[in-house]
Amino acid sequence: MADRRDHRIIDGKAVQHRLLAEIRAELDAAAKTHPVGRLVSISIGPSPEIEVYVRNQARAAAEAGLPFEQVVWPAEATQEDCKRKIAALNDDPSVLGIILQRPVPAHIHVRSLQSAIHPLKDVEGMNPASIGNIVYNDIALAPCTAAAAVEMVRATGLSMPGLEVVMIGHSEIVGKPVAFMLMAEGATVTVCHHMTRSVAMHSRRADVVIVAVGKAHLIGPEMIKPGAAVIDIGINQVTDAAGKVRILGDVDTEAVREVAGWITPVPGGVGPVTVAMLMRNALTAHRRQVAAGWLEAIEA
Ligand SMILES: Nc1nc(=O)c2c([nH]1)NC[C@@H]1CN(c3ccc(C(=O)N[C@@H](CCC(=O)O)C(=O)O)cc3)C=[N+]21
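The rules behind these values
- Throughout this description, residue numbers start from 1 for each chain and increase along the sequence as written.
- In view of the model being predicted, local features appear only for residues whose pLDDT reaches at least 70, and side-chain atom pairs are presented and counted only at 80 or more, with totals across whole chains, interfaces and linings using the full set of residues.
- Values reported for side chains reflect all heavy atoms of the structure, with hydrogen atoms and water molecules removed beforehand.
- Any two strands with at least two DSSP-identified bridges between them are counted as paired.
- Each helix corresponds to a stretch of at least 4 residues labelled H or I by DSSP, and each strand to a stretch of at least 2 residues labelled E; elements are numbered beginning at the N terminus.
- Axis lines are fitted through C-alpha atoms, for helices just across the contact stretch, and the angle between N-to-C directions can take any value from 0 to 180 degrees.
- We call two residues contacting when some pair of their heavy atoms lies within 4.5 Å.
- Only protein chains enter the accessibility calculation, which uses a 1.4 Å probe; a residue is then buried when its area is under 20% of its type maximum, exposed when over 50%, and partly exposed in between.
- We call two N or O atoms a polar contact when they sit within 3.5 Å, provided that within protein one can donate a hydrogen and the other can accept it, with sequence-adjacent residues counted only if both atoms are side-chain atoms.
- Being near a molecule or strand, for a residue, means having at least one of its heavy atoms within 4 Å of it.
- The Shrake-Rupley method, run with a 1.4 Å probe sphere, supplies the accessible areas, and residue values consider only the shown protein chains as cover.
- Within this scheme a cavity is a closed region of a 1 Å grid, computed over the protein atoms alone, that accommodates a 1.4 Å probe without allowing it to escape, whereas a pocket is open but has protein on both sides within 12 Å along at least five of seven lines; lining residues each have an atom within 4 Å of a point.
- Any molecule with more than half of its atoms within 2 Å of a cavity's or pocket's grid points is regarded as sitting in that cavity or pocket.
- Side-chain classes follow a simple rule in which Ala, Val, Leu, Ile, Met, Phe, Trp, Tyr, Cys and Pro form the nonpolar group, Asp, Glu, Lys and Arg form the charged group, and the remainder, Gly included, forms the polar group.
- One fewer than the residue count of a helix, multiplied by 1.5 Å, yields its expected span.
- UniProt positions are given in the numbering used here, feature names are shortened, and annotations may be inferred rather than shown by experiment.
- We count a salt bridge whenever a side-chain nitrogen from Lys or Arg sits within 4 Å of a carboxyl oxygen from Asp or Glu.
- Think of a nonpolar core as a cluster: buried Ala, Val, Leu, Ile, Met, Phe, Trp, Tyr and Cys residues, connected wherever their side-chain atoms sit within 4.5 Å.
- In this entry, domain limits derive from an automatic or database-based domain assignment.

Participant: Tell me about the sheet that holds strand β3 (residues 95–100), and name the residues and values.
Facilitator: The strand order β2-β1-β3 describes an open sheet built from three strands, whose pairing is parallel. Each end of this open sheet is capped by a strand with a single partner; those strands are β2 (68–73) and β3. Along the sheet, successive strands turn relative to each other by an average axial angle of 20 degrees, direction set aside. Where strand β1 (residues 38–44) lies against β3, five bridges are found, and the strand directions are parallel. In the sheet register, Leu 39 faces β3, and the bridge partner there is Gly 97. Contacts from helix α2 (residues 48–64) reach β1, β2 and β3, with the element oriented near 160 degrees to β2. Sitting on the sheet, helix α10 (residues 270–291) touches β1 and β3, and the angle it makes with β3 is about 135 degrees.

Pasting the structure below:
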């Protein structure tokens, strides 16, 4: 585990607790005027990586004072069953937000279910309306992992206008939203992917390198400009020589931290902040529902 006292390590747990304290204060204030509904976290079928995330969602919701419900639908649920249940959650005023964990079983079309979640309850920011709004710089309900990466760049204190950022990975849930969100802050963003001829040519000139590829220790010290910030979004399960399963990031943290000016560890970096972003999106969804007149004010 990376040494926490090293000032180059951005401590995701510390960022998470700071954000959750802010969210708790704002939720307590919001609950005085309108009832705050519950966040419903849906998984379809069992999946270990989801278990970890949902467990951390429940803990963060408790810390933020947000009502939370975990729902597990059977792996054999049909697309129609799921759509019908999501429609019922959309219409239930006691439900504040809905997140559908990925992966879903192969027979389920996740994009179609994602789009079934009402945009005002889409706390994951994956409804095409939410994703589209990112292009219009309305990034209030952004995908949580992408929002967490942006929060980590903010935590470095680096001035965003003109910042040279290289995003390695171009997924719809991370790479693409991160690029748009940082452009909105004035950064110059280069997006690399598996067809990029030389990733190192780009990463070595970057002030900030963000990586979300899914390959353990893909990024070594030779790919980083001395003093640059390195944001590691990778979550790779690796079985070590002793047969122990470990979580490794896409960055060789111990080697790269000697070159980097800032680095986020895995675990303990972007993961906890992703969970905090989900809670912040829940607060945003509540506010948007109040503004849309969906919730009856509490009589003073
Ligand atoms: N619609 C959807 N959105 C997601 O964002 C999403 C998803 N589905 N499916 C699963 C993956 C995985 N994921 C994690 C987020 C945080 C931690 C996390 O908190 N990790 C801790 C370590 C885990 C622990 O041991 O507590 C850390 O990095 O420090 C883990 C995993 C989000 N995912």
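On we go.
Participant: Residue-level account of the pairing of strand β8 (residues 236–239), with values.
Facilitator: Of the strand pairs in this sheet, β8 and strand β9 (residues 245–248) are connected by four bridges, and their pairing is antiparallel. Looking across to β9, one finds that Asn 236 is bridged to Leu 248. The antiparallel pairing of β8 with β9 creates a hairpin that spans five residues between the two strands, and Gly 243 there sits at a positive phi of about 80 degrees.

Participant: Give a detailed account of the side chain of Asp 6, specifying residues and quantitative values.
Facilitator: Tracing the sequence through the fold places Asp 6 in the segment before α1 (12–30). Its relative accessible area of 9% is what places Asp 6 among the buried residues. In terms of polar contacts, Asp 6 uses its side chain to reach the backbone amide nitrogen of Arg 8, at 2.7 Å.

Participant: Lay out the environment of Met 167 with the relevant residues and their values.
Facilitator: For Met 167, the position within the fold is in strand β4 (residues 164–168). Since its relative accessible area comes to 0%, Met 167 is described here as buried. Expressed as a C-alpha distance, the spacing of Met 167 and Val 199, which sit 32 residues apart in the sequence, is 9.9 Å. With sequence-adjacent residues up to four places away left out, Met 167 is seen in contact with Val 174, Gly 175, Val 178, Val 189, Thr 190, Val 191, Cys 192, Ile 210 and Ala 212.

Participant: Pulling in residues and values, what's your account of the site of the ligand?
Facilitator: Not every one of the 14 residues close to the ligand is listed here, only the nearest: Arg 55, Leu 100, Arg 102, Glu 124 and Gly 268. At a separation of 2.8 Å, an oxygen atom of the ligand approaches a polar side-chain atom of Arg 55. Within the contact set of the ligand, a nitrogen atom lies 3.0 Å away from a backbone nitrogen or oxygen of Leu 100. Here the ligand has 670 Å² of accessible area as a free molecule, and 80% of this is covered by the chains. Because more than half of its atoms lie within 2 Å of the grid, the ligand is assigned to the largest pocket. Counting residues per element, the ones that place at least two in the shell around the ligand are α2 and α10. In terms of residue count, the dominant contributor to the shell around the ligand is α2 (four residues). In the shell around the ligand, the residues fall into six nonpolar, five polar and three charged.

Participant: I'd like a rundown of helix α6 (residues 144–156), residues and numbers included.
Facilitator: Relative to the 18 Å expected for 13 residues at 1.5 Å per residue, α6 spans 19 Å between its end C-alpha atoms, a close match to the ideal helical length. Summarising burial for α6: 10 of the 13 residues are buried, a large majority. Every buried residue of α6 is listed here: Cys 144, Ala 146, Ala 147, Ala 148, Ala 149, Val 150, Glu 151, Met 152, Val 153 and Thr 156.

Participant: Residue-level account of the UniProt feature "domain: Tetrahydrofolate dehydrogenase/cyclohydrolase catalytic" (unreviewed entry) in the chain, with values.
Facilitator: As annotated by UniProt and renumbered to match this structure, "domain: Tetrahydrofolate dehydrogenase/cyclohydrolase catalytic" (unreviewed entry) occupies residues 10–124. Spanning residues 10–124, this segment combines 49% helix with 17% strand, and its end C-alpha atoms are found 24 Å apart.

Participant: Go over the pattern of salt bridges with me, naming the residues and quoting the values.
Facilitator: Opposite charge on two side chains permits pairing when their charged atoms draw close. Enumeration over the complete set of coordinates arrives at 18 salt bridges. For the salt bridge of Arg 280 with Glu 151, the shortest nitrogen-to-oxygen distance reads 3.5 Å. Placement of the pair is Arg 280 in helix α10 and Glu 151 in helix α6, with a sequence separation of 129 residues. Judged by relative accessible area, Arg 280 falls into the partly exposed class, the value being 31%. The exposure class of Glu 151 is buried, given its relative accessible area of 7%.

Participant: Mind laying out the UniProt feature "domain: Tetrahydrofolate dehydrogenase/cyclohydrolase NAD(P)-binding" (unreviewed entry) in the chain, listing which residues take part and the relevant values?
Facilitator: Taking the UniProt record as the reference, the feature "domain: Tetrahydrofolate dehydrogenase/cyclohydrolase NAD(P)-binding" (unreviewed entry) is found at residues 143–289. Within residues 143–289, the helical portion is 35% and the strand portion 19%, while the C-alpha atoms at the span's ends are 19 Å from each other.

Participant: So, the nonpolar core: which residues are in play, and what are the values?
Facilitator: By size, the foremost hydrophobic cluster in this structure holds 52 residues, and its most contacted members are Leu 182, Ile 210 and Met 279. Residue contributions to this core peak at 10 residues, all from α10. Of the residues that make up this core, three or more belong to each of domain 1 (35–121) and domain 2 (142–271). Setting aside residues no more than four positions away along its own chain, Met 279 makes contact with Leu 20, Ile 23, Leu 39, Gln 57, Ala 60, Ala 61 and Leu 66.

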